[in-house]
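Listed here are the chains, written in short residue letters.
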Amino acid sequence: MNEKKKIESVQKILWQLFCATFTLSAFTFGGGFVIVSLMKKKFVEELMWFDEDEMLDITAIAQSSPGPIPINASVIIGYRMHGVLGSFVAVLGTAIPPMVIISIISVFYEQFRANRIIATALQVMRAGVAAVIFDVVMNLAKNVCATRRILYIALMFISFVATFFFDVSAMLIILSCLGIGIIDLLHNLYIEKRSANS
Amino acid sequence: MNLIIKLFFSFIQVGLFSVGGGYAAIPLIQNQIVYTHQLMTMEEFTDLITIAEMTPGPISINSATFVGTRLAGIPGAIICTVGCIIPAFIICLTLAHFYYKYRSFSGVQTVLSALRPAVVALIASAGMSILLLGLFQADKNSIVFSDFRIVEFLLFLGAFFILRRFKVSAIKIIFGTGVVGTLIYTFLPIAL
């Protein structure tokens, strides 16, 4: 009886995982960080499967690995929820919508490009996508400020200026902050050791 | 059959070497498909980029599917996409394994804490870029202020207000702005 319940709950999680990645992938225009903010809203705020910090870590890993960011993020989230099988389900959910949409469009390409209503809808949807990202960023930035550590708040502002105004690559920013994190860790260890000695 | 195998290995390379998101993949695909194997002309390739950007989904998956469908039908689309995903799948699975194994260590937490503000900034920057693209229909480096679009701006403010005020899902908001915006442009005398 218990065993049966367990299988049912696993099936439920896998199904939710598939539905979530499928719908997110079907509605995500323009770049990996867009889908990441949608994933944050879905998995952290709606389904409450894991917390915000974990989502940010997942994003950093997805960004630094080769391959499309949405696929990378799906692999990690899937693994988190149900191991390799979970990864497989999440990737399937993420890959199917663009495959179906593009297969259809590649046949009707000329009509698609000339259609005014589609062009208008795609243009105005950007306003909605931007609103979603700003909503997610507001929450995330609030939490960074809540750490009350000048280092983290400064890193956030400097990274933003570097990437937005100076087009510094995301990879370089992540690697630099990784370096700063390691220095911070070594500094902490040094202080601990010194206070233990005295 | 030969073509399918060629495509498969081309896209494994694309998947393996495109670090840092969709736009990194484009020159790689161009190199593999247009130059090395000459499976497409440059003109077809430009169309491909236009479509990949206009439609939802990751750009590299979109282009893999488009190239596959054009060259070898549905099986081609599946083979190209799978090829593009395999390297990411293996590498991310490995990284995820180590992340979940070591993430509870306090030292790892200290290092990760310095990474998180950077990720917030990267997401914010992507949001700014897409907002400017929506408001001025131009890339952030080539903005003309007289091109400002009031309809998109109001849609943005409305969507943002609804998101902050009520718990609405992202998909509903994006779809909603699409419908409302298209209706405004179709039935009101405003030029797009």
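Refer to the structure above for everything that follows.
Here is what the cut-offs are and how they apply
- Residues numbered from 1 in each chain as written.
- Chains lettered and ligands numbered in written order.
- Predicted model: local features only at pLDDT ≥ 70, side-chain atom pairs only at ≥ 80, totals over all residues.
- Heavy atoms only, no water.
- Contact = heavy atoms within 4.5 Å.
- Buried area = accessible area lost by both parts, 1.4 Å probe.
- Salt bridge = Lys/Arg side-chain N within 4 Å of Asp/Glu carboxyl O.
- Phe/Tyr/Trp six-rings, centres within 6.5 Å; stacked < 30°, edge-to-face > 60°.
- Helix = DSSP H or I, 4+ residues; strand = E, 2+ residues; numbered from the N terminus.
- Lys NZ or Arg CZ within 6 Å of the ring centre and 35° of its normal.
- 1 Å grid on protein atoms, 1.4 Å probe; cavity = no way out; pocket = protein on both sides within 12 Å on 5 of 7 lines; lining within 4 Å.
- Points joined across faces, edges and corners; volume = space filled by probe spheres on them.
- Domains from an automatic or database assignment.

Colleague: Help me out: how do you make sense of the interface of chain A and chain B in this one?
Modeller: Taken together, the contact between chain A and chain B spans 96 residues of the former and 89 residues of the latter. Between chain A and chain B the total buried area reaches about 8,400 Å² when both faces are included, carbon and sulfur atoms providing 77% of it. Seen at the junction of chain A and chain B, the total is 4 salt bridges. The partner of B:R116 in a salt bridge is A:D53, and the shortest N-O contact between them spans 3.4 Å.

Colleague: What should I look at first to understand the packing of aromatic side chains in this one?
Modeller: For any two aromatic rings, the description comes down to two numbers: the centre-to-centre distance and the angle of the planes. The final tally for this structure, using the stated rule, is 17 aromatic pairs over all chains. The interplanar angle of 0° and the centroid separation of 6.3 Å between the aromatic rings of B:F98 and B:Y102 together place this pair among those described as stacked. In this pair, B:F98 and B:Y102 both sit in helix 4 (residues 59–102), 4 residues apart, roughly one turn of the helix. Through pairs of rings, three or more aromatic residues link up here, namely B:F136, B:F145, B:F148 and B:F153. A cation over a ring is seen here: A:R149 above A:Y152, with NZ or CZ 4.8 Å from the ring centre.

Colleague: What's the story with the layout of surface pockets in this structure? I'm lost.
Modeller: Rolled over the atoms, a probe as big as a water molecule pinpoints where empty space is left. Looking at the second largest pocket, its volume works out to about 430 Å³. Around the second largest pocket, the lining is made up of 17 residues, and of these A:I61, A:L178, B:L95, B:L112 and B:L115 lie nearest the centre. Elements with a minimum of two residues in the lining of the second largest pocket: helix 3 (52–64) and helix 8 (170–197) of chain A together with helix 4 and helix 5 (106–136) of chain B. Residue assignment places the lining of the second largest pocket across two domains, with domain 1 (2–146) and domain 2 (148–198) of chain A each supplying three or more.

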